[in-house]
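# Structural overview
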Amino acid sequence: MIRREQKDWLLAAFRRWQPWLVTAFVLFVLSLMYEALHGLMKELSYAALIKAVGDTRPAAIALALAATALSYTALTGYDHASLRFVGVRLPYRIVARTAFIAYALANTVGLGVVTGGAVRMRLYGAAGVEAGAISRAIAFNAAAFGIGITAVGAVALLWGASAVAPIAHLPVLALQAVAAAAVLATAMLLWLCFQGRTLNWRNGISLRLPSGPLAVEQLLVSAVDIVASAAVLWCLLPSGTIGFPAFVGFFAIATVLGIISHVPGGLGVFEAVMLVALGGAVPTDRLAGALLLYRLSYHVLPLLLALALLIASELKRGAVAPVTRAVVSLSPVLLAAQTLIVGVFLLATGVTPATVTATDLLSLDVPLPLVEAAHFLGSVAGLALLFVARGMLQRLDAAWWAGLLLATLSFVLALPRGLSIQEAIIIGLLVAALALSRSQFTRRASLLAQRFSGGWLAAVASILLVLAGLLLFAYRDVEYRHALWWQFELDGHAPRALRAMVAMALIVMVFSLRLLMRPPLPPLVRPDREALAQAGRIIEDQDFADAGLALTGDKPLLFSDSGKAFIMFGRRGRSWVALFDPVGPREEWPELVWAFIERARDSASRPSFYQVRPQNLPIYLDAGLNVFKLGEEAQVLLPDFSLKGSSRARLRNGFNRAEREGLRFEVIAADQVGTVIGELRTISDAWLAEHHTAEKGFSLGAFDADYLQRMPVAIIRKDQRAVAFASLLTTGRKVEASVDLMRHLPDAPKGAMDFLFVKLLLHFQAEGYQRFSLGMAPLSGMASHALASNWHRFGGLLFAHGEHFYNFQGLRAFKEKFDPVWEARYLASPGSAAPLVVLSDIAMLISGGLRGVVAK
């Protein structure tokens, strides 16, 4: 028997090694597939592939398109069910539109800002759904898909085990046993759902299962989706080659491996699995042709329809619905994805031969120089569009102009390149969408001035390598000769492709060298008095008092081009961390956020924004960042604050006791703080000595005479002796007030700080302020159920059991005494492990380094 300690150790070890085990498994599967594909590809030729595509029956294509429509209709059911599970009710038209755009992007591109999760966060957020609920709905979707594809694949395997066994080289009974176990596990889960069970784990995490009817509905939705998506490819295969149940089993395996590989859309991995699995049952050329048509019908076509949906939304100029505006605001993302695809499409047609019919028609009326020029310029335009796509993600107006001009040029060149009507339609749709989306590209910056990341350049290099392989595959029967470089003929497809490929490689090499030789950015410097004075003038016209932390002078300031807004930030290691949202007019925030992100990435650093507000999350999502909840900020609504009532009895009694003990409260105006700076310093030094700590920074102010004299200070006196003080953050708009430094003498009367806070609330209430911020309670309000992300679960556990490291619950309890309203605060940063690194760097920014973190 394995003891509990051993089980815990084994489980922890598995979780620690799980990413490496998954990676090793994927590499092992890929190596096996490569060996198997090596022989299969020798049997396949480019001409046979094109012939197989051309020979596909129109009826089969029509059935595949119908199955695609059914699958995407079923996909909307995932979102419809998941939103109901988390307690959100939205009109189906909003759910259907959001789900369709999200799946069209995720299935086709599936990287960074164009993932389905970012789209849902943007569109459902515009419909008024809280970010935490959206995250839980996304997790429910993922779990439902995993269970659904397992169940459907298992049923298909049970049904078609005898057909799968010879291909998989496994016993029929073994396949049936595995499938039966999966079906039994699914049935057990459904039974638990009907019982209304909640699954509890020993670490405090609980999973509220969906109701039985909702679970059955979701399983049926998954079944329809997976069966329909499998039917898309099956309909394109020659009839009678493989039974549908056996095919669904292989399709499910290929889909799962494609997802595990993390390759966008599973491109290459899915095809390799299907070729290896079905290569002996289906002719290789027919299977490869069917896979190509499957990608076009199930991946490219929905993306084009999403683009058409964008055009329709753009045409509704009078529409003011938030979700419609959110769809329109996604146009840079959709257009960037479509631009990237058009660029790859142009490059692929540039290295492959035109059809015999097109070549014959071109020889009748089109001059050879025009054909050569169109082919070469079309390939160059395709390469340029790969770089323009990144500029579109950043909403550059120059990228819009370049994309429109290049797409228009490619549209004109489509006919002399090979009379490609399909190519002209795809490019024409992009031109139309670009023409209607001009208002979304507002950032006036040079396209050539942007610094492309190493990842983007690596992606472009990978595309060129794949194109080189496609060129060799298409012309492997053509013997290489030096004379090919100078051969100019209408049917000289290989020489044209060779010249275009080399030209593209040279352009990328020159562009990369240019980027490498660019001068370094100027070093960051702390703001001088003039910059602090400029920031002070901007802060006076803000609603949020925490903007006053810019006046500490310990953080560089990045001003907008107009000088009316700024971002305060710190840098530690490779992390650039902006503190709070930008400060200044809201219309200047998006450009300022992009400018900060670009400067950070130009310095090979990770950009992030610390403690941003929920209503501003779309700005960071549009910029390609992920959002992670940090905790909740307590805000006391001053018009409603009172010491009356039974709920305030303890606070009222403590306040009255402090007054009886002789505590007195006064507020010193900023221009008079210099007269009491000596008293404040005495209190501060004693407080630091008592707590064995040093001054902090970044998101906390430090005792600095110049800084303190820029703001009012509240003082508590007993017998004319100052015993406690707090520096006050206010703005000229009198909307919000807050405190920064709060310190007291070791012998200050008990309850002095509660007395100070009550007095501050009453003082600002009398001054006409609307709210008082008590600051953030870290890790407060984190979701704790099993559908929550690992980030929420870890944060919830740390909040519940991390009192040894920080007084999480005590801080929350102190602020609860004032009956505040809680509002979430988020970290916007890159994904993966970046948030943990960023938070570590933030801790050192606040504490002044690793020694400060360890000390306290």
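Conventions adopted
Residues numbered from 1 in each chain as written. Predicted model: local features only at pLDDT ≥ 70, side-chain atom pairs only at ≥ 80, totals over all residues. Heavy atoms only, no water. Helix = DSSP H or I, 4+ residues; strand = E, 2+ residues; numbered from the N terminus. Buried < 20%, exposed > 50% of the residue type's maximum accessible area, 1.4 Å probe, protein only. Contact = heavy atoms within 4.5 Å. Areas by Shrake-Rupley, 256 points an atom, 1.4 Å probe, with all protein chains shown as cover. Core = buried A, V, L, I, M, F, W, Y, C linked by side-chain atoms within 4.5 Å. Phe/Tyr/Trp six-rings, centres within 6.5 Å; stacked < 30°, edge-to-face > 60°. Lys NZ or Arg CZ within 6 Å of the ring centre and 35° of its normal. Pairing = 2+ DSSP bridges. Polar contact = N/O pair within 3.5 Å; in protein donor to acceptor, adjacent residues only side chain to side chain. Salt bridge = Lys/Arg side-chain N within 4 Å of Asp/Glu carboxyl O.

Time to look at the overall build of the protein. Counting its secondary structure elements, the protein contains 30 helices and 13 strands. Taken over 856 residues, the protein has a buried fraction of 50%. Partitioning the intrachain contacts of the protein with sequence separation of at least 6 by distance along the chain shows that 74% fall at a separation of at least 24. When the accessible surface of the protein is split by element, carbon and sulfur atoms take 65% of a total near 39,400 Å².

Our next topic: the nonpolar core. One finds Phe247 and Leu278 to be the most contacted residues of the largest nonpolar core, which totals 81 residues. Considering every element that reaches this core, the biggest residue donor is helix α11 (residues 284-315), with 10 residues. Here Leu278 is in contact with Ile242, Phe247, Phe250 and Leu287, once residues within four sequence places are set aside.

This structure, assessed with the given rule, holds 22 aromatic pairs. Taking the centre distance of 6.2 Å and the plane angle of 35° together, the rings of Phe247 and Phe251 count as tilted. With a gap of four residues between them, Phe247 and Phe251 both fall in helix α9 (residues 244-260), about one helical turn apart. Phe247 gets classed as buried once you look at its relative accessible area, which sits at 0%. On the accessibility criterion, Phe251 (3% relative accessible area) is buried. Between Phe703 and Phe725, the aromatic rings sit 6.4 Å apart at their centres with planes inclined by 75°, giving edge-to-face as the arrangement. Remark: Phe725 occurs in strand β10 (residues 721-729) and Phe703 occurs in the loop between α24 (677-691) and α25 (705-708); sequence separation between them is 22 residues. Judged by its relative accessible area of 0%, Phe725 falls in the buried class. In this structure an aromatic cluster arises from ring pairing among Tyr72, Phe100, Phe247, Phe251, Tyr294 and Tyr298. The ring of Trp400 carries Arg438 above its face, with NZ or CZ at 4.9 Å from the centroid.

Its identity as a non-glycine residue notwithstanding, Asp719 has a phi of 55°, on the positive side. As for its position among the elements, Asp719 is in the loop between β9 (713-718) and β10. The class for Asp719 is exposed, based on a relative accessible area of 64%. Not every positive phi belongs to a glycine, and Lys734 is a case in point at roughly 55°. Residue classification places Lys734 among the partly exposed residues on the basis of a relative accessible area of 37%.

Both faces of the sheet carry side chains from a regular strand, because those side chains alternate between them. Burial runs high along β9: five of the six residues are buried. Inspection of the sheet shows β9 paired to β10 by six bridges, in the antiparallel sense. Among the inter-strand pairings, Ile715 is bridged to a residue of β10, identified as Phe725. Where β9 folds back on β10, the antiparallel hairpin that results is connected by two residues, among which Asp719 adopts a positive phi of roughly 55°.

Taking burial as the measure, the 12 residues of strand β7 (residues 626-637) include 10 buried ones, the bulk of the element. By the bridge criterion, nine bridges tie β7 to strand β13 (residues 821-829) in an arrangement that is antiparallel. Residue Val627 lies in a different strand from β13, and its bridge partner there is Ala828. With seven bridges joining them, β7 and strand β12 (residues 771-778) adopt antiparallel strand pairing. Paired with Ala634 across the strands is Gly775, a residue of β12.

Examined against the element boundaries, Asp546 turns out to sit in the loop between α20 (529-539) and β3 (557-559). Side-chain polar atoms of Asp546 contact the side chain of Arg613, separated by 3.0 Å.

Turning our eyes to something else, we now look at the pattern of salt bridges. Evaluation of the coordinates by the stated rule reveals 21 salt bridges. Across the pair Lys555 and Asp554 runs a salt bridge, and its minimum N-O distance is 2.8 Å. What makes Lys555 buried here is its relative accessible area of 1%. Take Asp554: its relative accessible area is 25%, and that puts it in the partly exposed class. With a closest N to O distance of 2.7 Å, Glu823 and Arg825 form a salt bridge. Under the relative-accessibility criterion, Arg825 is labelled buried at 1%.

Everything listed here is a matter of geometry and, on its own, says nothing about what the molecule does.
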